[in-house]
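Single-letter residue listing:
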Amino acid sequence: MRYIISLLLILSVSIVFGQGRKMVDGKIVSSTKQLEGIYVANINTGESYMTEPGGYFKIKAQENDTLMFSGPLFLAYRHKLDDIDLKRDIVLIPLEPNSLYYELDEIIITKITSESLGLVPRGTKIRTPAERKIYTATTGSGLISVDAIVNMISGRTKMLKKALAYEKQESRKDKFLNIMSEEKLIKEYSIPKDYVNGFAYYVATDDLMSSYLSATVPDVKRVSSLTGELALEFIQLIHEKLSEQGKQAKIE
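Residues numbered from 1 in each chain as written. Predicted model: local features only at pLDDT ≥ 70, side-chain atom pairs only at ≥ 80, totals over all residues. Heavy atoms only, no water.

**Structural notes on the sheet that holds strand β7 (residues 91-94)**
Here is step 1 of the chain: One open sheet holds the three strands; their spatial order is β4-β1-β7, and the pairing between them is mixed. In this open sheet, the two edge strands, each paired with only one partner strand, are β4 (56-61) and β7. Averaged over all pairs of adjacent strands, the angle between their axes in this sheet comes to 35°, without regard to strand direction.
Here is step 2 of the chain: The sheet contact formed by strand β1 (residues 22-29) and β4 spans six bridges and is antiparallel. Note that in β4 the partner of V24 across the bridge is I59. (Pairing = 2+ DSSP bridges. Helix = DSSP H or I, 4+ residues; strand = E, 2+ residues; numbered from the N terminus. Axes fitted to C-alpha atoms, helices over the stretch in contact; angles between N-to-C directions.)

**Here's the deal with the nonpolar core**
Across soluble globular proteins, nonpolar side chains have a tendency to be buried as a group.
Here is step 1 of the chain: By size, the foremost hydrophobic cluster in this structure holds 21 residues, and its most contacted members are F176, L185, I191, F199 and M209.
Here is step 2 of the chain: Sorting the residues of this core by element identifies α6 (182-189), α7 (196-204), α8 (207-213) and α9 (220-251) as the ones contributing at least two each.
Here is step 3 of the chain: Top element by residues in this core is α9. It accounts for seven residues.
Here is step 4 of the chain: Once residues within four sequence positions are removed from consideration, M209 is found in contact with F176, V203, V223, L226, T227 and L230. (Core = buried A, V, L, I, M, F, W, Y, C linked by side-chain atoms within 4.5 Å. Buried < 20%, exposed > 50% of the residue type's maximum accessible area, 1.4 Å probe, protein only. Contact = heavy atoms within 4.5 Å.)

**Brief notes about the sheet that holds strand β3 (residues 48-50)**
Here is step 1 of the chain: Strand order in the open sheet formed by four strands is β3-β2-β5-β6, with antiparallel pairing between adjacent strands. Sheet topology places β3 and β6 (74-80) at the edges, where each strand pairs with a single neighbour. Averaged over all neighbouring strand pairs, the angle between strand axes comes to 15°, with direction disregarded.
Here is step 2 of the chain: Here strand β5 (residues 66-71) pairs with β6 via five bridges, running antiparallel. Bridging across to β6, F69 finds its partner in Y77.

**Some points on the packing of aromatic side chains**
Here is step 1 of the chain: Applying the stated criterion across every chain, the model contains six aromatic pairs.
Here is step 2 of the chain: Between the aromatic rings of F69 and Y77, the centroid separation amounts to 6.4 Å while the plane-to-plane angle is 25°, which identifies the pairing as stacked. By the burial criterion, F69 is buried, and Y77 matches it.
Here is step 3 of the chain: Ring centres of Y195 and F234 lie 6.5 Å apart, and the angle between their planes is 70°; this geometry places the pair in the edge-to-face category. (Phe/Tyr/Trp six-rings, centres within 6.5 Å; stacked < 30°, edge-to-face > 60°.)

**Looking at a negative patch on the surface**
Here is step 1 of the chain: A cluster of acidic side chains, namely E63, D82, D83 and E244, defines a negative patch on the protein surface.
Here is step 2 of the chain: Take D82: it is sitting in the loop between β6 and α2 (83-87). (Patch = residues over 30% accessible without salt bridge, like charges linked within 9 Å, V, L, I, M, F, W, Y side chains within 5 Å. Areas by Shrake-Rupley, 256 points an atom, 1.4 Å probe, with all protein chains shown as cover. Salt bridge = Lys/Arg side-chain N within 4 Å of Asp/Glu carboxyl O. Lys, Arg positive; Asp, Glu negative; His and termini not counted. Charge placed at Lys NZ, Arg CZ, Asp CG, Glu CD.)

**Here's the deal with the pattern of salt bridges**
Here is step 1 of the chain: Counting across every chain of the model gives six salt bridges.
Here is step 2 of the chain: With a closest N to O distance of 2.7 Å, R21 and D65 form a salt bridge. Remark: D65 occurs in the loop between β4 and β5 and R21 occurs in the loop between α1 (2-19) and β1; sequence separation between them is 44 residues. The same class applies to R21 as to D65, namely buried.
Here is step 3 of the chain: Measuring nitrogen to oxygen at the nearest pair gives 3.9 Å for the salt bridge that ties E170 to K173.

**Points about the side chain of D65**
Here is step 1 of the chain: Overall, D65 belongs to the buried group, its relative accessible area being 2%.
Here is step 2 of the chain: Within the structure, D65 has its side chain in polar contact with the side chain of R21 (distance 2.7 Å).
Here is step 3 of the chain: When near neighbours in sequence (up to four residues on either side) are disregarded, D65 contacts R21, N42, N44, T45, H79, K80 and L81. (Polar contact = N/O pair within 3.5 Å; in protein donor to acceptor, adjacent residues only side chain to side chain.)

**Details of the confidence of the model for the chain**
Interpretation of this model should avoid reading the predicted coordinates in detail wherever pLDDT is low.
Here is step 1 of the chain: Model confidence for the chain is summarised by a mean pLDDT of 74, while 62% of its residues fall at 70 or above.
Here is step 2 of the chain: Within the chain, β4 carries the highest mean pLDDT (93), whereas α1 carries the lowest (47).
Here is step 3 of the chain: Under a pLDDT of 50 for its full length, residues 3-18 has, in the predicted model, one contact with residues more than four places off or in other chains.
Here is step 4 of the chain: Scored below 50 in pLDDT, residues 102-110 makes three contacts in the model with residues more than four places away or belonging to other chains. (pLDDT = per-residue confidence, 0-100.)

**Some details on unusual backbone geometry**
Here is step 1 of the chain: For N64, which is not glycine, the phi torsion reads 80° and is therefore positive.
Here is step 2 of the chain: With a phi angle near 60°, S190 is a residue other than glycine that sits in the positive phi range.

Listed below in structure tokens is the structure:
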């Protein structure tokens, strides 16, 4: 009987603690693009995962939980989640490359599409992989697709729409870096070289900047003006993070 009571108490405590945690979406940002397979662990729960292509990860956590990140190409890093992190759609984690390792120069491959190869007529709407998945999941031959109903129940459609949102964010990030070069961001906006890519993701999540970058032909003056404001915010975040790391180092 005592054994059963003890087991019930342990299960009830586990349930209580589990209810306080929710699934947190995150993404690693760094000057390198090799972001898959980075070890992510919640020190408070012991759960661990590996990042997916693009540096994306999901992990259950709550406020004040500490996440640990490590990989052969990066310096180990710990991040304590706060209430602001939990309110974000995606938490961006900046990692510094490990200087003991080096990477080959990026190989730029010319983009080849089905239209350029003559497989589809020019002007045909070409859906991205994420858009194709959503289209398949939400449409069908009948008035109401059976697949659409099943996917709505299973929550797969919601997951695919989130993947599409990430894809659009990547597109805005790339468009921003085409407008504002790395050299310009470093010299004119004082963005540290190792954080340029992270700043581009930060910019891509801003609502106003997103509207500018989503335009067919973005207004360069507006983008430049808003970049200055966002750069000040981002630099302040870097200083706060470095200050926090310094305090943790002294404690350890």
